[in-house]
Amino acid sequence: MQHPWSLIITGIIFCLAGVYFFQRNAFEENKKLLMPVIVILAGIILISIGMARKLRLIE
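Everything in this summary refers to the structure shown in the same document. Keep in mind that what you see is a predicted model, and the values were worked out from it rather than measured.

## Remarks on the overall build of the protein
Across its full length, the protein holds 2 helices and 0 strands. For 59 residues, the compact-globule estimate of 2.2 N^0.38 gives 10 Å, and the C-alpha radius of gyration of the protein, at 14 Å, exceeds that figure by more than 25%. A principal-axis box enclosing the C-alpha atoms of the protein has dimensions of 45 × 15 × 15 Å. Long-range pairs, those at least 24 residues apart, make up 60% of the contacts in the protein between residues at least 6 apart in sequence.

## Here's the deal with unusual backbone geometry
Keep in mind that most residues, glycine aside, have a negative phi and that most peptide bonds are trans. In this structure, Asn30 is a non-glycine residue whose phi angle is positive, near 60°. Here Asn30 is to be found in the loop between helix H1 (4-26) and helix H2 (34-54). Taking the relative accessible area as the measure of exposure, Asn30 reaches 78% and is therefore exposed. Even without being glycine, Arg56 reaches a positive phi, approximately 60°.

## Considering the pattern of salt bridges
Scanning the model with the defined rule gives 1 salt bridge in all. Residues Glu28 and Lys31 are paired through a salt bridge, measuring 4.0 Å at the closest nitrogen-oxygen approach. Among the residues examined, Lys31 registers a relative accessible area of 43% and is labelled partly exposed.

Conventions and cut-offs
- Residues numbered from 1 in each chain as written.
- Predicted model: local features only at pLDDT ≥ 70, side-chain atom pairs only at ≥ 80, totals over all residues.
- Heavy atoms only, no water.
- Helix = DSSP H or I, 4+ residues; strand = E, 2+ residues; numbered from the N terminus.
- Rg over C-alpha atoms; globule rule 2.2 N^0.38 Å.
- Contact = heavy atoms within 4.5 Å.
- Buried < 20%, exposed > 50% of the residue type's maximum accessible area, 1.4 Å probe, protein only.
- Salt bridge = Lys/Arg side-chain N within 4 Å of Asp/Glu carboxyl O.

So far we have only geometry, and geometry alone does not tell us how the molecule works.
So this is what it looks like as structure tokens:
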């Protein structure tokens, strides 16, 4: 994944999937919210790396 836009788009997909799973699990009993939060954080990290590569802050 050397192209920065692929990292950004993958990060957005991770964030949207995390929000979906969080919303689905939030109102049910005995469901853990740790995994959706980890998926959202992974998406944020991917978006950050993609933006840093796009702005040539990292190589």
